[in-house]
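Residue-level listing of the chains:
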Amino acid sequence: MTLIKNTLFFIFILFYSFSAFSEQTVEEIIKERKSIFSKNYKTAKRVQGLASNGSLDEAKKLMIEMSDNYKRLIDLFPENSKVGFKTEALPSIWENKDEFNLLMTKASSNMIELTSVIDGAEDMKATLGKYMWSSCKACHSKFRAEH
């Protein structure tokens with residue numbers, strides 16, 4: 001009988017903990033995704049500067065970081081995070097979730113591909129535009145509110 005009581009108590013505590021955590025989760029999720037997008041933008045600017053100055057090894061490290069960030073972003077748009085906390089995400093993300101996830105995956109892949117093509121790039125600006133900046137533009141034009 002004690003085992004059953006302890007088990008039920010544990011289950012109660014577990015469910016209580018999850019419900020308390022879930023109330024905080026929406027704010028944390030929105031803040032995390034905003035932080036990652038902001039970081040990727042700042043990192044992209046650094047990548048551009050480094051690549052333009054010939055510091056390709058440093059730039060490549062940042063490209064991989066950006067790739068990982070895009071993968072993480074796929075998990076940061078659950079249904080319960082559509083509004084609040086100054087999100088700039090448009091409803092079209094959830095209406096076209098597969099397309100949005102595909103763009104994040106493609107952006108991640110583009111950054112990895114950029115690490116392999118940047119060494120032989122004749123036109124650095126065009127190469128960065130094709131593999132990095134076009135990913136930003138594709139997503140912003142459809143899935144982010146103007147600011």
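Cut-offs applied
- Residues numbered from 1 in each chain as written.
- Predicted model: local features only at pLDDT ≥ 70, side-chain atom pairs only at ≥ 80, totals over all residues.
- Heavy atoms only, no water.
- Helix = DSSP H or I, 4+ residues; strand = E, 2+ residues; numbered from the N terminus.
- Buried < 20%, exposed > 50% of the residue type's maximum accessible area, 1.4 Å probe, protein only.
- Contact = heavy atoms within 4.5 Å.
- Areas by Shrake-Rupley, 256 points an atom, 1.4 Å probe, with all protein chains shown as cover.
- Polar contact = N/O pair within 3.5 Å; in protein donor to acceptor, adjacent residues only side chain to side chain.
- Disulfide = S-S within 2.5 Å.
- Expected span 1.5 Å × (residues − 1).
- Phe/Tyr/Trp six-rings, centres within 6.5 Å; stacked < 30°, edge-to-face > 60°.
- Core = buried A, V, L, I, M, F, W, Y, C linked by side-chain atoms within 4.5 Å.
- Axes fitted to C-alpha atoms, helices over the stretch in contact; angles between N-to-C directions.
- Parallel < 35°, antiparallel > 145°, perpendicular 65-115°, else oblique.
- Left-handed = near helix turned anticlockwise from the far one by under 90°.
- Nonpolar A, V, L, I, M, F, W, Y, C, P; charged D, E, K, R; others polar.

Undergrad: So what exactly am I meant to see when it comes to the overall build of the protein here?
TA: Along its length, the protein carries five helices and zero strands. Counting from the amino terminus, helix and strand elements in the protein follow one another as α-α-α-α-α. Relative to its 147 residues, the protein shows a buried fraction of 33%. For the protein, the proportion of contacts with a sequence separation of at least 24, taken over those separated by at least 6, is 72%. As presented, the protein carries roughly 9,500 Å² of accessible surface, and 59% of it is formed by carbon and sulfur atoms.

Undergrad: I would appreciate a short explanation of the environment of Glu 88 in the present structure.
TA: In this structure, Glu 88 sits in the loop between helix 2 (56–73) and helix 3 (92–95). Glu 88 sits 58 residues away from Glu 146 along the chain, and the two C-alpha atoms are 7.8 Å apart. In this structure the side chain of Glu 88 is engaged in a polar contact, spanning 2.6 Å, whose partner is the side chain of Arg 144.

Undergrad: Is there a simple way to explain the state of the cysteines in this structure?
TA: Covalent bonding between the sulfur atoms of two cysteines is what defines a disulfide. The tally for this structure, following the rule as stated, stands at zero disulfides. Here Cys 136 stays unpaired: no disulfide links it, and the sulfur of Cys 139, its closest cysteine neighbor, is 8.5 Å away.

Undergrad: What is the right way to read the environment of Thr 105 from this model?
TA: When you line up the elements, Thr 105 lands in helix 4 (residues 97–117). Thr 105 gets classed as partly exposed once you look at its relative accessible area, which sits at 38%. Between the C-alpha atoms of Thr 105 and Leu 73, which are 32 residues apart in sequence, the distance is 9.4 Å.

Undergrad: Help me understand helix 4, please; the structure alone is not making it clear to me.
TA: Note: α-helices contain 3.6 residues per turn, so residues at a spacing of three or four share the same orientation. For helix 4, built from 21 residues, the straight-helix expectation of 30 Å at 1.5 Å per residue is met to within 8% by its first-to-last C-alpha distance of 30 Å. Among the residues making up helix 4, those that are buried are Phe 100, Asn 101, Met 104, Ala 107, Ser 108, Asn 110, Met 111, Leu 114 and Thr 115.

Undergrad: How should the packing of aromatic side chains be read in this particular structure?
TA: Using the criterion set out here, one finds four aromatic pairs in the structure. One aromatic cluster is present, built from ring pairs that chain together Phe 37, Phe 77, Trp 94 and Phe 100.

Undergrad: Hey, could you run me through the nonpolar core in this one?
TA: It is characteristic of soluble globular proteins that their nonpolar side chains tend to be buried jointly. Ranked by internal contacts, the top residues of the largest apolar core, which has 31 residues, are Val 47, Tyr 70, Phe 77, Leu 114, Ile 118, Leu 128 and Met 132. Of all elements in the fold, only helix 1 (2–52), helix 2, helix 3, helix 4 and helix 5 (124–143) reach the threshold of two or more residues within this core.

Undergrad: Would you mind going over the packing of helix 4 against helix 5 with me for this structure?
TA: Axis angle and axis distance: for two packed helices, these are the angle between their axes and the distance between the axes, and together they describe the pair. Across the interface, helix 4 lies against helix 5 with an axial gap of 9 Å and an inter-helix angle of 165°. Relative to helix 5, the element helix 4 is oriented roughly antiparallel. Considering only the axes of helix 4 and helix 5, their crossing is left-handed. Packed against helix 4, whose contacting residues are Glu 99, Phe 100, Leu 103, Met 104, Ala 107, Asn 110, Met 111, Glu 113, Leu 114 and Val 117, the element helix 5 presents Thr 127, Leu 128, Lys 130, Tyr 131, Met 132, Ser 135, Ala 138, Cys 139, Lys 142 and Phe 143 at the interface. Its residues placed into classes, the contact of helix 4 with helix 5 shows 13 nonpolar, three polar and four charged.

Undergrad: Help me understand the environment of Val 47 in this model?
TA: Here Val 47 lies in helix 1. Owing to a relative accessible area of 0%, Val 47 belongs among the buried residues under this scheme. When the C-alpha positions of Val 47 and Met 66 are compared, they lie 9.9 Å apart, and in sequence the two are 19 residues distant. In this view, Val 47 contacts Ala 59, Leu 62, Met 63, Met 66, Leu 128 and Met 132; residues no more than four positions away in its chain are not counted.

Undergrad: What is the right way to look at the packing of helix 2 against helix 4 in this model?
TA: Contact pair helix 2 / helix 4: the axes reach a minimum separation of 8 Å and the direction vectors enclose 165°. By the angle class used here, helix 2 and helix 4 are roughly antiparallel. The way helix 2 lies across helix 4 gives a crossing that is left-handed. From helix 2, Lys 60, Met 63, Ile 64, Met 66, Ser 67, Tyr 70, Lys 71 and Leu 73 reach across to helix 4, where they touch Met 104, Ala 107, Ser 108, Met 111, Ile 112, Leu 114 and Thr 115.

Distances and angles like these do not, on their own, reveal function.
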